[in-house]
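# Secondary and tertiary structure notes
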Amino acid sequence: MERTLSIVKPDGVKKDVIGEVLKRFEGAGLRIVALKMAQLTREEAEGFYAVHKERPFFSSLVDFMVSGPIVPMIIEGEGAIKKVRDLMGATNPADAEEGTIRKDFADSIEANVVHGSDASETAAFETSYFFSAFEKFEGR
Ligand code: CDP
Ligand code: MG
């Protein structure tokens, strides 16, 4: 059983597609085992995206991620990391496949509605970044 972190980003919350994203994950046989709404500080957003800190888009990405509330969640299931990435679609919605969350709802390569961990190491770091042991309801 694999776990991954997903986030409905500020643009997705503003567009009222939280339920749509949850439905797509659950509809694919994945299970939501932790969920909340939160607003990040700059420091928290910078820490979350630390791997990207040398990239030209980093400070704009941080501005975007603190621009409103987000909905982080832990998703559990067989092959959850890849399944969530497949449901999300490509980073740039212009390149995303039909029927993916980003194709259907994203406006730009930055405001692309959802986050999903990209590997097991990042999933372990990211799930713990947002949720304590007492907030995870795994393996039910
Ligand atoms: O989210 P994903 O793993 O698909 O992409 P990433 O390469 O890990 O980049 C993280 C996030 O940075 C993206 O989801 C975008 O919100 C943002 N980004 C951006 O604003 N401009 C880029 N050229 C690439 C990414
Ligand atoms: Mg990524």
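The structure under discussion appears in the preceding block.
Everything in this summary refers to the structure shown in the same document. (Residues numbered from 1 in each chain as written. Chains lettered and ligands numbered in written order. Predicted model: local features only at pLDDT ≥ 70, side-chain atom pairs only at ≥ 80, totals over all residues. Heavy atoms only, no water.)

## Some points on the pairing of strand β1 (residues 2-8)
- Along β1, 5 of the 7 residues are buried, which leaves the element largely enclosed by surrounding structure.
- Bridge count for β1 against strand β3 (residues 71-77) is 7 bridges, and the pairing is antiparallel. Each residue of the ladder has a partner; that of E2, found in β3, is G77.
- The pairing of β1 with strand β4 (residues 114-116) spans 3 bridges and is antiparallel. In the sheet register, I7 faces β4, and the bridge partner there is H115. (Buried < 20%, exposed > 50% of the residue type's maximum accessible area, 1.4 Å probe, protein only. Helix = DSSP H or I, 4+ residues; strand = E, 2+ residues; numbered from the N terminus. Pairing = 2+ DSSP bridges.)

## Considerations on the site of ligand 1
- Taken together, K9, Y49, H52, F57, L61, R85, T91, R102, I109, E110 and N112 make up all the residues around ligand 1.
- A distance of 2.9 Å separates an oxygen atom of ligand 1 from a polar atom in the side chain of K9.
- Within the side chain of T91, a nitrogen or oxygen atom sits 2.5 Å from an oxygen atom of ligand 1.
- For ligand 1, the accessible surface in isolation is 500 Å², of which the surrounding protein chains cover 82%.
- Counted by class, the shell around ligand 1 contains 4 nonpolar, 3 polar and 4 charged residues. (Near = heavy atom within 4 Å. Polar contact = N/O pair within 3.5 Å; in protein donor to acceptor, adjacent residues only side chain to side chain. Areas by Shrake-Rupley, 256 points an atom, 1.4 Å probe, with all protein chains shown as cover. Nonpolar A, V, L, I, M, F, W, Y, C, P; charged D, E, K, R; others polar.)

## A word on the sheet that holds β1
- In spatial order, the strands read β2-β3-β1-β4; together these 4 strands make up an open sheet with antiparallel pairing. A strand with exactly one partner marks an edge of an open sheet, and here the two such strands are β2 (31-35) and β4. Sheet twist, expressed as the mean angle between neighbouring strand axes with direction ignored, is 25 degrees.
- When β2 meets β3, the two strands line up antiparallel, connected through 4 bridges. Bridged to I32 within β3 is I75.
- Its contacts with the sheet put helix α5 (residues 80-88) on β1, β3 and β4, and the angle it makes with β1 is roughly 30 degrees.
- Lying over the sheet, helix α7 (residues 120-130) contacts β1, β3 and β4, oriented at roughly 55 degrees with respect to β1. (Axes fitted to C-alpha atoms, helices over the stretch in contact; angles between N-to-C directions. Contact = heavy atoms within 4.5 Å.)

## Quick notes on the packing of aromatic side chains
- Per the counting criterion, the structure on display carries 5 aromatic pairs.
- Taking 6.0 Å as the distance between ring centres and 50 degrees as the angle between the ring planes, the aromatic pair formed by F48 and Y129 counts as tilted. Highlighted residues: F48 in helix α3 (residues 42-48) and Y129 in helix α7, separated in sequence by 81 residues.
- Between the aromatic rings of F125 and Y129, the centroid separation amounts to 5.4 Å while the plane-to-plane angle is 45 degrees, which identifies the pairing as tilted. In this pair, F125 and Y129 both sit in helix α7, 4 residues apart, roughly one turn of the helix.
- An aromatic cluster is defined as three or more aromatic residues linked by ring pairs; in this entry it consists of F48, Y49, F125, Y129 and F130.
- One residue, K36, lies across the ring of F131, its end atom 4.6 Å from the ring centre. (Phe/Tyr/Trp six-rings, centres within 6.5 Å; stacked < 30°, edge-to-face > 60°. Lys NZ or Arg CZ within 6 Å of the ring centre and 35° of its normal.)

Functional significance is not addressed by these values, which are geometric in nature.
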